[in-house]
Amino acid sequence: GSIISFSNRLYCVFGDNGSGIKTFVRSVLASVLFQKVKYENIYFYDMAMEYPQLENTSICYCNNPRSLAISLDEGFLEYERRLDLIKYYNCDTIEEVNKKIKELGNEFEIINERYYFISIDEKSLDQAMVQRLTYFMQYSTKVGFKLMFIFRDRQIFNKLKFSNFEYIFFYTKEVSLS
């Protein structure tokens, strides 16, 4: 299994420099890969430019606004397709759709979960991006999208409306070791 349970959960990870947040995120990413998730189902949006080594992997890696917008648009199309499948099969979640597909036999392909790691900084979070990400968060668990937002700046938290998220904090500046 994974270090954290992505089952019906969305994650916000906050941390300052030197707190171990990057090691934690890389460990979660490795644990997802150990679950035999295909590379094409892992998306890493690195707008904060903190994980450039991932650019040389088979993971879908974006580190500029244009690439991010294109990838999110593709994600929205997949999002809508999955919502249509949920309606077609008269289900509440993509997991229920997959159960019905299994019952029908090998005629249809199972819908794989997608993992989105979104490392964003305040300068790349304009109003259009806020709207896109808010829409993306709305039904993500319902359609099998697993999200992890990664922030260094707490001001971002005020711009995005996070509900139903699990919060993980890595702030060493506020920890006393005395």
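Structure shown above.
Structure report, in brief. (Residues numbered from 1 in each chain as written. Predicted model: local features only at pLDDT ≥ 70, side-chain atom pairs only at ≥ 80, totals over all residues. Heavy atoms only, no water.)

The next point concerns the layout of surface pockets. The volume enclosed by the largest pocket comes to roughly 180 Å³. Looking at the largest pocket, it is lined by 11 residues, and the ones nearest its centre are Leu10, Met137, Gln138, Ser163 and Asn164. Taken together, the residues of the lining of the largest pocket break down into three nonpolar, seven polar and one charged. (1 Å grid on protein atoms, 1.4 Å probe; cavity = no way out; pocket = protein on both sides within 12 Å on 5 of 7 lines; lining within 4 Å. Points joined across faces, edges and corners; volume = space filled by probe spheres on them. Nonpolar A, V, L, I, M, F, W, Y, C, P; charged D, E, K, R; others polar.)

With that settled, the discussion passes to the packing of aromatic side chains. Scanning all chains against the criterion turns up 18 aromatic pairs. With a centroid separation of 5.0 Å and an interplanar angle of 85°, the aromatic rings of tyrosine 88 and tyrosine 89 are classed as edge-to-face. Taking the relative accessible area as the measure of exposure, tyrosine 88 reaches 67% and is therefore exposed. Members of the aromatic cluster, connected to one another through ring pairs, are Tyr43, Tyr45, Phe76, Tyr79, Tyr116, Tyr135, Phe136 and Phe145. The aromatic ring of tyrosine 51 is capped on one face by lysine 22, whose charged end is 5.9 Å from the ring centroid. (Phe/Tyr/Trp six-rings, centres within 6.5 Å; stacked < 30°, edge-to-face > 60°. Buried < 20%, exposed > 50% of the residue type's maximum accessible area, 1.4 Å probe, protein only. Lys NZ or Arg CZ within 6 Å of the ring centre and 35° of its normal.)

Quick look at the environment of glutamate 96 now. For glutamate 96, the location among the structural elements is in helix H3 (residues 94-104). According to the relative accessible area criterion, glutamate 96 is partly exposed, its value standing at 31%. Along the primary structure glutamate 96 and lysine 142 are separated by 46 residues, whereas in three dimensions their C-alpha atoms are 9.8 Å apart. (Helix = DSSP H or I, 4+ residues; strand = E, 2+ residues; numbered from the N terminus.)

Most of strand E2 (residues 42-46) is tucked away, with five of its five residues classed as buried. The alternating pattern of E2 places Ile42, Phe44 and Asp46 and Tyr43 and Tyr45 on opposite faces, both of which are buried. Where E2 lies against strand E4 (residues 114-119), five bridges are found, and the strand directions are parallel. Across the sheet, the residue bridging to tyrosine 45 is isoleucine 118, located in E4. (Pairing = 2+ DSSP bridges.)

On to the pattern of salt bridges. For side chains bearing opposite charge, pairing can occur when the charged atoms are close. Counted under the stated rule, the structure contains eight salt bridges. Residue glutamate 50 pairs with arginine 152 through a salt bridge whose shortest N-O separation is 2.7 Å. Taken together, the positions of glutamate 50 in the loop between E2 and strand E3 (60-62) and arginine 152 in the loop between strand E5 (145-151) and helix H5 (155-159) put the pair 102 residues apart, joining distant regions of the chain. It is possible to trace a salt-bridge network through shared partners that takes in Glu78, Arg81 and Arg82. (Salt bridge = Lys/Arg side-chain N within 4 Å of Asp/Glu carboxyl O.)

What follows concerns unusual backbone geometry. Here the phi dihedral of methionine 49 falls at roughly 60°; this positive angle occurs in a residue that is not glycine. Note that methionine 49 resides in the loop between E2 and E3. A residue is classified by how much of its surface remains accessible, and methionine 49, at 45% relative accessible area, is partly exposed. Residue asparagine 90 is not a glycine yet carries a positive backbone phi of 55°. Tracing the sequence through the fold places asparagine 90 in the loop between helix H2 (65-88) and H3.

Counting residues in hydrophobic clusters, the biggest one holds 38 residues, and the most contacted among them are Ile120, Leu133, Phe149, Phe151 and Leu160. Here the element with the most residues in this core is H2; it accounts for seven residues. (Core = buried A, V, L, I, M, F, W, Y, C linked by side-chain atoms within 4.5 Å.)

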